[in-house]
Amino acid sequence: MSDSLRVDDATAVTTDTSPANASPLARPHASSSRPDSVSEAVHPTASLSLYLPGALRDVERVAAATLPPHTLMARAGAAVARWLYSRLPALASAGRQPVLLLAGPGNNGGDAYVAAHELYRWGVLVDVWQLAPPAADDARWALAEALAAGVPVRPAPSTWPEPSAYAWIVDGLFGIGLSRALEGPAAALVRNIAYAHEQGTPVLAIDIPSGLMAATGVADGPVIHADVTIAMLGACPGLLTGIGRDAAGDVLVAKLGAEAALARHDDGALSTSAPSVFVADLPQRHHASHKGSYGSLAVLGGQHGMVGAPMLSARTGLMAGAGRVYVGFVAHDAPAWDPVHPELMLRLAEDLDLTTMQAVCIGPGLGTSAASAACLSRALALDHTPLVIDADALNLLAAEPSLAERVRRRAGPTVFTPHPLEAARLAGCDVARIQSDRLASARALAQHFGATVVLKGSGSIVDDGAHAWINTTGNAGLATAGTGDVLTGAIGALLAQGMPAPQAALAAVWLHGKAAQRCVTDGIGPAGLTASELLPAIRAELRELRALTP
């Protein structure tokens, strides 16, 4: 769901539900001031605060205490109905093709009852399938209101009708409080929805796709795959990392008029990444400058058979603006020059004077030999130089506690860029443990090593030990060899130009993902996209990003 995160603004599609518009067939119209609006766009440079489920429940309690009973649920259901009504095919909006709404026992089910009631009032055919009777007061109120208006509600059947029977399916089964895998009738119903979705029926999820864990983006059993998810009040991180990006589709946010309560619970420690959090730190380019003005970057690695990895990092360093880029090879039979980019200066790693560098990247193609460990030891001797540690350098740290301790004692900034397996080795656990809570895993590594950690994967996480950001750019084209080396070179180049470590990591990860999106837009990939093809796209994205610099 790259670049698909949206929040409510003044362009929302809404309707008036005042008594003057209370006809049984009243149709929604545009308005820009209602608290139950859902946006169609977000400013492309703005970061969005994220909330763990416990925080959102606190927000809900605080907001509800200032409002008449059932107000938040009424707003949530109305937001779903208004957004959906404007996207119904002609047959459905004319009352000739039904919308299916699925209601679970909690407040998500209550939101679904309200949405069904609104759509029914506007002349849309609706079917409501109830997985279980409502267990919460608000949801019982919503069901009673829907039944009193004549909305058809019945138990969810065990069989599925024709896949094309419904114009849309609305998932109101389970919300952000889900803590275990779906099973029994709930699992069977979710599998039926998956079948209908595969056959082309679009799905809208309320708050979060059922089966997905809101805090982690994990699904241990069946999970809804939605085209759109409307998060109520605020978005949880699970929508944006792990399998959340695949399950949630486009993520919209309806704040339901609870902005004050949201602000009280927003400590700024968890958000999405966007240019607004790093653009002010981008290096400026001045006429009165020279190559030394933009830093010298060294990339160390390239054991026998793996010399391409540091070359990719170094070439990216050029494209990301470093003034001079050196490659230090561990292998003694490495190439003497790069015919693609002869601007690069190629050396044996042992011959490079690292003390003259403004940043050093180590790890791409490094290997884990004694010579590799010696190369890492030399890099760690640079106590103040910004250092990016990737790939086999991370594996060496995991295997050699003395090297890991030297990282912890460094005075200069350190950036780690592990994929989940490398993170698991560093943490002394398995990949499943890392992926079970990516936010907690990144935070633990960042605090243990005193580093900025980029935990790569779907919804890459950048954590500096106190703040965490989830990146929302990128696509499946990045799932190919060498793209991690490209990211390492981009971070190193920005560090060499003087960016602080967290901002350099955030900018590089964002640019890396945007470059993949640009390639796909231009007809390159996602299948078959190569790491080398990202380089000119990174340069183009960086040029556009600089236009946003204050």
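Small disclaimer: the values here were computed from a predicted structure and weren't measured.

Caption draft 1: Here's a closer look at the side chain of Q97. Tracing the backbone shows Q97 in the loop between helix 3 (90-93) and strand 1 (99-103). A residue is classified by how much of its surface remains accessible, and Q97, at 17% relative accessible area, is buried. A distance of 3.4 Å separates a polar atom in the side chain of Q97 from the backbone oxygen of S164.

Caption draft 2: Representation of the nonpolar core within the structure. If you look at the biggest cluster of nonpolar residues, it comprises 106 residues, and the most contacted ones within it are I230, I362, I389, L397 and F416. Looking at this core, the element that brings in the most residues is helix 2 (residues 71-85), giving nine residues. Counting residues in hydrophobic clusters, the runner-up holds 41 residues, among them F278, A334, L487 and I491.

Caption draft 3: Up close: the environment of L262. By the secondary structure assignment, L262 is in helix 8 (residues 259-264). Between the alpha carbons of L262 and D58 there is a distance of 9.2 Å; along the sequence they are 204 residues apart. Not counting residues within four places of it along the chain, the set of residues in contact with L262 comprises Y51, L56, V59, L233 and K255.

Caption draft 4: Here's a closer look at the sheet that holds strand 13 (residues 387-389). Taken together, ten strands build an open sheet; the order of strands is 8-17-16-15-14-13-12-9-10-11 and the sheet is mixed. The strands lining the two open edges of the sheet, one partner per strand, are strand 8 (270-272) and strand 11 (345-348). Strand-to-strand twist in this sheet, taken as the mean axis angle between neighbours without regard to direction, amounts to 20 degrees. Looking at chain direction, strand 10 (residues 324-329) and strand 11 are connected through four bridges and run parallel. Across the sheet, the residue bridging to G328 is R347, located in strand 11. Against the sheet, helix 11 (residues 391-399) contacts strand 12 (359-362), strand 13 and strand 14 (414-416), and its axis sits at roughly 80 degrees relative to strand 13.

Caption draft 5: Here's a closer look at the packing of aromatic side chains. Enumeration over the complete set of coordinates arrives at five aromatic pairs. When the ring of Y85 is compared with that of W122, the centres are 5.5 Å apart and the planes differ by 75 degrees; the resulting orientation is edge-to-face. Remark: W122 occurs in the loop between helix 4 (107-121) and strand 2 (126-130) and Y85 occurs in helix 2; sequence separation between them is 37 residues. Judged by its relative accessible area of 0%, W122 is buried. Taking the centre distance of 6.2 Å and the plane angle of 90 degrees together, the rings of W129 and Y166 count as edge-to-face. Taken together, the positions of W129 in strand 2 and Y166 in the loop between strand 3 (153-155) and strand 4 (169-172) put the pair 37 residues apart, joining distant regions of the chain. Pair check on accessibility: W129 and Y166 agree, each one buried.

Caption draft 6: Broad picture of the UniProt feature "binding site: K(+)" (unreviewed entry) in the protein. UniProt's feature table lists "binding site: K(+)" (unreviewed entry) at N108, D171 and S210, given in the numbering used throughout. A maximum C-alpha distance of 9.8 Å is found for the annotated residues, which run over 103 residues; spatially they form one tight group. Structurally, N108 can be placed in helix 4. Residue classification places N108 among the buried residues on the basis of a relative accessible area of 8%. Excluding anything up to four places from it in sequence, N108 contacts G172, F174, G175, I206 and D207. For S210, the location among the structural elements is in the loop between strand 5 (203-206) and strand 6 (228-232). Sequence-distant contacts of S210, defined by excluding residues within four places in its chain, comprise D171, L173, F174, L182, P222, V223 and I224.

Caption draft 7: Spatial organisation of the pairing of strand 7 (residues 250-254). Most of strand 7 sits out of view: four of its five residues are buried. Looking at chain direction, strand 6 and strand 7 are connected through five bridges and run parallel. Note on strand 7: the bridge partner recorded for M232 is A254.

Caption draft 8: Representation of the pairing of strand 12 within the structure. Neither face of strand 12 is left uncovered, since the one carrying A359 and C361 and the one carrying V360 and I362 both have all their residues buried. Relative to strand 12, strand 9 (residues 296-301) runs parallel, the two sharing four bridges. Its bridge partner lying in strand 12, L300 is registered against I362. Summarising the sheet, strand 12 and strand 13 pair through three bridges and their orientation is parallel. Bridge pairing in strand 13 places C361 opposite V388. Crossover handedness for the path strand 12 to helix 10 (residues 370-380) to strand 13: right-handed.

Caption draft 9: Inspection of unusual backbone geometry at higher detail. Across the junction of G525 and P526, the peptide omega takes the value 10 degrees, indicating a cis bond. One can find P526 in the loop between helix 17 (501-521) and helix 18 (534-546). Positioned with a positive phi, H70 is a non-glycine residue whose angle comes to about 70 degrees. Mapped onto the fold, H70 is located in the loop between helix 1 (53-64) and helix 2. Of note in the backbone geometry, L256 takes a positive phi value of approximately 60 degrees without being a glycine. Inspection of the secondary structure puts L256 in the loop between strand 7 and helix 8. Given the relative accessible area of 3%, L256 is considered buried.

Caption draft 10: Highlighting the packing of helix 10 against helix 12 (residues 401-409). Where helix 10 meets helix 12, the closest approach of the two axes is 10 Å, and the angle between their N-to-C directions is 20 degrees. Relative to helix 12, the element helix 10 lies roughly parallel. Between helix 10 and helix 12 lies a crossing whose hand is left-handed. Along its contact with helix 10, which presents L376, S377 and L380, the element helix 12 presents L403, R406 and V407. The residue inventory of the contact of helix 10 with helix 12, partitioned by class, reads four nonpolar, one polar and one charged.

Caption draft 11: Structural detail: helix 11. Most of helix 11 is tucked away, with seven of its nine residues classed as buried. If you follow the buried residues of helix 11, they end up packed against strand 12, helix 10, strand 13, helix 12, strand 14 and helix 13 (420-427).

Caption draft 12: Here's a closer look at the pattern of salt bridges. Following the criterion strictly, the structure yields ten salt bridges and no others. Taking the shortest distance from any N to any O, the salt bridge between E183 and R180 comes out at 3.4 Å. Taken as a pair, E183 and R180 share a single burial class, namely exposed. With a closest N to O distance of 2.9 Å, D463 and R443 form a salt bridge. Residue D463 is found in strand 16 (residues 461-463), and its partner R443 is found in helix 15 (residues 438-449); the two are separated by 20 residues along the sequence. Here D463 falls in the buried class, since its relative accessible area comes to 1%. Here the salt bridges do not stand alone but share partners, grouping R518, E541 and E544 into one network.

Calculation notes
Residues numbered from 1 in each chain as written. Predicted model: local features only at pLDDT ≥ 70, side-chain atom pairs only at ≥ 80, totals over all residues. Heavy atoms only, no water. Helix = DSSP H or I, 4+ residues; strand = E, 2+ residues; numbered from the N terminus. Buried < 20%, exposed > 50% of the residue type's maximum accessible area, 1.4 Å probe, protein only. Polar contact = N/O pair within 3.5 Å; in protein donor to acceptor, adjacent residues only side chain to side chain. Core = buried A, V, L, I, M, F, W, Y, C linked by side-chain atoms within 4.5 Å. Contact = heavy atoms within 4.5 Å. Pairing = 2+ DSSP bridges. Axes fitted to C-alpha atoms, helices over the stretch in contact; angles between N-to-C directions. Phe/Tyr/Trp six-rings, centres within 6.5 Å; stacked < 30°, edge-to-face > 60°. UniProt positions renumbered as here; feature names shortened; annotations may be inferred. Right-handed = clockwise from strand over helix to strand, strands pointing away. Parallel < 35°, antiparallel > 145°, perpendicular 65-115°, else oblique. Left-handed = near helix turned anticlockwise from the far one by under 90°. Nonpolar A, V, L, I, M, F, W, Y, C, P; charged D, E, K, R; others polar. Salt bridge = Lys/Arg side-chain N within 4 Å of Asp/Glu carboxyl O.

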